[in-house]
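Observations on the three-dimensional arrangement
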Amino acid sequence: MRTLLFTDLVDSTQLVERVGDAAAAAMWLEHDRRARQLLAQHQGQEIDRTDGFFLLFDHVLNAAQFALAYQRAMAALQLKARVGIHVGAVTQRQNSEDDVARGAKPVEIEGLAKPFAARIMSLAWGGQTLLSASAKAALAQLPEDTFIESHGHYRLKGVEEPVEVFEIGASGSAFVPPPDTDKVYRVVRDGEFWRPLREVRHNLALERDTFIGRSSELRTLARRLDNGSRLLTVLGPGGTGKTRLVRRYGLAWLGDWPGGVYFCDLSEARSLDGIYFAVAWALGVPLGKDDPGVQLGHAIAGRGRCLVILDNFEQVVQHASASLGRWLDRAADASFVVTSRELLHLVGEVVLPVEPLELGSEAIELFAVRAQARHCEFRLNPSNQAAVAEVVRLLDGLPLAIELAAARASVLSPAQMVERMAHRFQLLAGARGAAARQATLKAAIDWSWDLLAPWEQAALAQCSVFEGGFTLDAAEAVVDLVAWSDAPAVRDAIQSLVDKSLLRAWLPTEHRRLDIDEPYFGMYLSIHEYASDKLGASGPAATLAAHARHGRYFAGFGTNVAIDGLSLVDGVKRFHMLALELDNLVIACRRATSRSDVETAVATYRATWQVLEKQGPFALGDVLGTQVLGLDGIAGWPLALACLTRGRASWRTGHVDDATRWFEQALALARSMQDQRLEGEVLNQLGSLQSDRGAMVAARASLEGAYEIHRELGERRAEGVSLGNLANAYLRQGQMAQARKYLEAACAIACEVGNRHNEGLALGNLAIVHKAQGRLDEALAYFEQALAIHREVGNRFREGIELGNMGNLYLDQGRMDRARTHHEAALVIHREVGNRRSEGIVLCNLGILHSDQRQFEPARECLDAALATAREVGNRQSEGLVLCALSELHLAQGRRELALKCCEDGLAVSRTAGDRQTQGSLLGQLGALLFCRGRVEEASDALRAGEVLLREIGDRLALANLLCIRGLQDAARHDLDAARAALTEAEATAVTLHSSDDSGLCHAIAELRGALV
């Protein structure tokens, strides 16, 4: 913190005119000499010099002593100066020697403290020294024979809160409060407001209840008017609180407008004369026989710097130019704030959009305060907070709607309000005495609806067929205005509804990230429900036609061309745009099934699954599939495509028997229609499912068949997918070299065709190969690349899988905290998207982590849940892994019989699944258990078989653990050379894998080392 001091000579220009340039120059020279002499005495630093000085001090006492001495020196020269002192944070920046040589200052000072200190100085009379509150607080010791007196609080232009101003002076000083100016004025506290001490005319009614939130909007409004905006339109739909916002501003910033603040209620105006009457009433101007517009313009101009608030301008917006436009020209010092649901389209108009309240604390606080006002026993507490949050969410944060809902607190609990929100217009009836347009939420929207042209009403009603939002392309395909001869193009109708605050326009976050500049449109829920009712009132034929147009448009996203496009170079952008349409795709599919439109239902189902497969929830794919496949008359290609999509959804939800049945039906249909492309696509999915189930012979046959089909058809993208799936099958069988070869080929093809999704899949699986072969640094690099790609393309499903895989790597290294963090993050994602299969795998890994840390009860809970999940979804490979982990857990707790049973069951399952890695690990455990029971030869056989398997597949970590088990047995049989050889190889592996001292491998090595001592 530094002390900043500004000085300024008063009336310096007039002095020069009075004494002449030569005498004035001599006087300035003497002024500077004395000031700099004092500056040296009081240890200050000169930063700048104009009509005065800008100085810095390390201590506020030095600054105060300089200021008092400086004022005495100025009095001796018959000059008057004002001085301001402030303590605040600043940043110093040194200019280069070259810049200083060209005339730059040696040091630049940056920070808000600088203009604030200058503003304090500008308040002072000539001969007066003022201090900010921070300077006064820092001045623990006063110079001799001086006093400090507070002059109260002043509002400074550009400073949000009023500041207290102090004067320091010698005994006998006048201590006169600084004068008010246009930019600075004295205020006093009056309840929650700071009122100007001077009298300011206004007709603003005091608020009858607590004003909640909107601090950001108030600051923005004040800042824009401070910056010179003369016409500011506060724009928003009915019920957002525009009127209260501008009234609040008027009361809080009243002193900024010495000519007065005048609130003009135009809610009853319907003509130009209606505007004149309302404004004349607010200004207290009797209208004569002359042109009332001219008369009011002169009256406003006569008030000087004043603020005229024109509330509810939307129904007279056609008269904006004839009224407001003329006054802006005639009253140059006046400013106008307009509240409206529609833009005025006047030159110089600055728009401040007012959105509903944020759905967090402000909206909830508004509900709680208003509810307590109606029902004194209402309290926000943990038992009702979630319901209150849901109420304000369903009401879009609209203040009017929240207040109307809160008014029901005496008869309905928040939970009951949520239940009745389907009938919100009946629920949200206002209290008696409220303005007609705000007595109910429906009436507030009626007010806007009645101001629309018929074609605007039709466009808004038809836009209600969209769910969640829509693009301009979608609107042009769905909205039909042919029946209205005066209707403009649909794009102009959408623009008109945006201008009238009935549609919102925004740029989604993902659009900004991907440099997509196409806006998205939508409605608040209450307006959407209102518009939907209006569409229904136009008759079932009109509604059905709008639904059909909507369905046809979104069916376009489910064609082969559109789906293939997701794998092209710009596929990331295409997918994110498709993901935004999920709500529309789902509703289009459901509507199509309800009207038995097979083609639209299947196409929208396929498009929906493209999003669900990456982001979930998977279960929705099953539900929609049931509806689509239940349609009468579905056959041929639509049936085959629906079966394929339903199979993928059933697989992801863990219903593998159902998935197999759907894939086999799709395959039979594809072959009967001789559709090779479709046959290859089905074989890819079926083969991957068979691989998951451990049917490796069938899986290899299916996947190799898919590869051959796609290669023959020249479909490089699908060929790369087939290679990646084949690689996974080899990976599950421990054939690492072949897996790596296919994965590298798949990755190359993905890069060639621009398929980022498949590139991420291949990189993630390459990481698993490197990890299994002990190249952990390379594995981690591949995992990180894969994770970045999955996040880039929006694939939450694969993001969760890679997080779990990275957690396993950290677990192998003994980095338990990182392992836990990654597994817990993965578990959250898998549960969000409904990925039961991967949920079970992560639970297994968490169980292993707990077990390694001797946390046996949490380990048992995780592993039991993992085993149940693996069996539920038919994941034989995962079942074997869980049984392996349970065997280790039982062994750690001394339950050898249970450990042996789990080990034998796990071996049987992993052999069925063709999972050689798990077999190798289980054979090591089996060897340990059999040795403990005295079955030495059987133990040796199991260990040898496990060692052969693990060496073949290159799983160095599992092999090192098995060697530690074998070394312990060798040591027990006094074969110390064999035991030492096992120890040496295990230690080398631990070094290669960067295993920490806390890892399971290092604990096993320590045990073996101890046995050899």
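Focus on the overall build of the chain
Across its full length, the chain carries 47 helices and 18 strands. In summary, the chain has a C-alpha radius of gyration of 39 Å against a globular reference of 31 Å for 1013 residues, an excess of more than 25%. Counting only C-alpha atoms and orienting by the principal axes, one finds that the chain spans roughly 115 × 80 × 60 Å. For the chain, restricting intrachain contacts to residue pairs at least 6 apart in sequence, the fraction spanning at least 24 positions comes to 67%.

A short note on the pattern of salt bridges
Here the structure, examined in full by the defined rule, presents 60 salt bridges. For Glu613, the salt bridge is made with Arg648, and the minimal N-O distance between the two is 2.5 Å. Of this pair, Glu613 sits in helix H27 (residues 598-615) while Arg648 sits in helix H29 (residues 636-652); the two residues are 35 residues apart in sequence, bridging distant segments of the chain. The residues Glu613 and Arg648 share a single accessibility class, namely buried. Among the ionic pairs, Arg661 bridges to Asp658, the shortest N-O distance being 3.4 Å. Here Arg661 pairs with Asp658, and both are found in helix H30 (residues 656-672), just three residues apart, close to one helical turn. Judged by its relative accessible area of 28%, Asp658 is partly exposed. It is possible to trace a salt-bridge network through shared partners that takes in Glu947, Arg951, Arg966, Asp970, Arg973 and Glu985.

Describing helix H11 (residues 321-330)
Those residues of H11 that fall on the buried side of the exposure criterion are Ser323, Leu324, Gly325, Trp327 and Leu328. In the core, the buried residues of H11 are packed alongside strand S12 (231-235), helix H9 (272-283), helix H10 (292-302), strand S14 (307-311) and strand S15 (335-340).

Things to note about the sheet that holds strand S7 (residues 129-132)
Pairing is mixed in the open sheet, where nine strands are placed in the order S2-S3-S1-S4-S7-S9-S8-S10-S11. Two strands in the sheet have a free side with no partner beyond their single neighbour: strand S2 (44-49) and strand S11 (193-196). Within the sheet, the average angular offset between the axes of one strand and its neighbour, ignoring direction, is 35 degrees. Here S7 runs beside strand S9 (residues 163-170); their pairing, made up of three bridges, is antiparallel. Within the sheet, the bridge partner assigned to Leu130 lies in S9 and is Glu167. Against the sheet, helix H2 (residues 21-41) engages strand S1 (2-9), S2 and strand S3 (53-57), with an angle of about 150 degrees to S2.

Section: the sheet that holds S14
Strands sit in the order S13-S14-S15-S12-S16 across an open sheet of five strands; the sheet is parallel. Strands at the two margins of the open sheet, each flanked by one partner only, are strand S13 (261-265) and strand S16 (349-353). Each adjacent strand pair in this sheet contributes to an overall mean axis angle of 20 degrees, direction not counted. Pairing of S13 with S14 involves five bridges; the strand directions are parallel. Residue pairing across strands places Cys264 opposite Leu310, the latter belonging to S14. In this fold helix H8 (residues 242-252) packs onto S12, S13, S14 and S15, with an angle of close to 160 degrees to the strand it touches most, S15. The sheet strands contacting H9 are S13 and S14, and the helix crosses S13 at an angle near 145 degrees.

Some remarks on the environment of Glu510
For Glu510, the position within the fold is in helix H21 (residues 509-513). Classification of Glu510 as partly exposed rests on a relative accessible area of 29%. Along the primary structure Glu510 and Met577 are separated by 67 residues, whereas in three dimensions their C-alpha atoms are 8.6 Å apart.

Looking at the environment of Glu518
You can see Glu518 is positioned in the loop between H21 and strand S18 (520-522). Note on Glu518: relative accessible area 22%, which makes it partly exposed. As a C-alpha pair, Glu518 and Leu507 span eleven residues in sequence and 7.0 Å in three-dimensional space. With near-sequence residues (within four places) excluded, Glu518 lies in contact with Thr471, Leu472, Asp473, Leu507, His511 and Met577.

Observations concerning H2
Its 21 residues give H2 an end-to-end C-alpha distance of 30 Å, which sits within 8% of 30 Å, the value for a rise of 1.5 Å per residue. By the burial criterion, the buried members of H2 are Ala24, His31, Asp32, Ala35, Leu38 and Leu39. One side of H2 holds all its buried residues, which, seen down the axis, span an arc of 135 degrees. Relative to its buried face, H2 has exposed residues pointing more than 90 degrees away, namely Ala22, Leu29, Ala40 and Gln41. Those residues of H2 hidden inside the fold are in contact with S1, helix H1 (12-19), S2, S3 and helix H3 (60-76). A positive backbone phi angle near 60 degrees is found at Gln43, which sits one or two residues after H2.

Notes on the nonpolar core
Core analysis: the biggest nonpolar cluster contains 148 residues, and Phe367, Leu460, Phe470 and Ile494 have the highest contact counts within it. Not counting chain neighbours up to four residues away, the residues in contact with Leu460 comprise Trp449, Leu452, Leu497, Leu502, Leu503, Met523 and Ala531. With 32 residues, the next largest nonpolar core counts Ala269, Ala282, Ala299 and Cys306 among its residues.

Considerations on the side chain of Asn835
Tracing the chain through its elements places Asn835 in the loop between helix H38 (816-833) and helix H39 (836-852). For Asn835, a relative accessible area of 2% gives the class buried. Those residues within four positions of Asn835 in sequence are excluded, and the remaining contacts are Phe618, Arg652, Phe797 and His830.

So, the packing of helix H26 (residues 582-594) against helix H28 (residues 618-629)
Between H26 and H28, the least distance of the axes is 9 Å, while the angle of their chain directions is 25 degrees. Here H26 is positioned roughly parallel relative to H28, judged by the angle of their axes. The handedness of the crossing between H26 and H28 is left-handed. Where H26 approaches H28, its residues Val586, Cys589, Arg590 and Thr593 are matched on the opposing element by Leu620, Val623, Leu624, Gln627 and Val628.

Some thoughts on the side chain of Arg646
On the secondary structure map, Arg646 appears in helix H29. A distance of 2.9 Å separates a polar atom in the side chain of Arg646 from a polar atom in the side chain of Asp622. When neighbours within four sequence positions are excluded, Arg646 is seen to be in contact with Tyr605, Gly621, Asp622, Gly625, Thr626, Leu629 and Trp662.

Considerations on the pairing of S15
With six of its six residues buried, S15 lies for the most part within the structure. Every second residue of S15 is oriented toward a common face, with Ser335, Val337 and Thr339 on one face and Phe336, Val338 and Ser340 on the other, all of them buried. The pairing of S12 with S15 spans five bridges and is parallel. Across the sheet, residue Leu235 finds its bridge partner in S15, namely Ser340. Sheet topology places S14 next to S15; four bridges connect them, and they run parallel. Along S15, the bridge assignment pairs Val308 with Phe336. In terms of handedness, the path from S14 via H11 over to S15 forms a crossover that is right-handed.

Criteria and cut-off values
- Residue numbers here run from 1 along each chain, matching the order of that chain's written sequence.
- Residue-level local features of this predicted model are given only where pLDDT is at least 70; pairs of side-chain atoms are given and counted only at 80 or more, and the full residue set underlies all totals for whole chains, interfaces and linings.
- Excluding hydrogens and water, the side-chain values take into account all heavy atoms of the structure.
- Here a strand is any run of E in DSSP of at least two residues, a helix any run of H or I of at least four, and the numbering for each starts at the N terminus.
- This radius of gyration counts C-alpha atoms alone. The globule rule is 2.2 Å times how many residues there are, raised to the power 0.38.
- Residue contacts are defined here by distance: any two heavy atoms, one from each residue, within 4.5 Å place the two residues in contact.
- By convention in these notes, a salt bridge is any Lys or Arg side-chain nitrogen within 4 Å of a carboxyl oxygen on Asp or Glu.
- For each residue, the accessible area found with a 1.4 Å probe, counting protein chains only, is set against the maximum for its type, and the residue is called buried under 20%, exposed over 50%, and partly exposed in between.
- Pairing between strands requires that DSSP locate at least two bridges from one strand to the other.
- For every element, the axis is a line fit to its C-alpha atoms; helices are fit only across the contacting stretch, and the angle between N-to-C directions ranges from 0 to 180 degrees.
- Here a helix's expected span is defined as the number of its residues, less one, multiplied by 1.5 Å.
- The arc in question is traced by the directions running from the helix axis to the C-beta atoms.
- Throughout, nonpolar core names a set of buried Ala, Val, Leu, Ile, Met, Phe, Trp, Tyr and Cys residues whose side chains join them through atoms within 4.5 Å.
- Every angle not falling under 35 degrees, over 145, or within 65 to 115 is termed oblique; those three ranges are roughly parallel, roughly antiparallel and roughly perpendicular.
- Handedness of a crossing is defined here by the sense of rotation of the near helix relative to the far one, left-handed for an anticlockwise turn of less than a right angle and right-handed for a clockwise turn.
- Polar contacts, as used here, are pairs of N or O atoms within 3.5 Å; protein pairs need one atom able to donate a hydrogen and one able to accept it. Residues neighboring in sequence count only if both atoms are side-chain atoms.
- Note on handedness: a clockwise path from strand one over the helix to strand two, with the strands aimed away from the viewer, defines a right-handed crossover.

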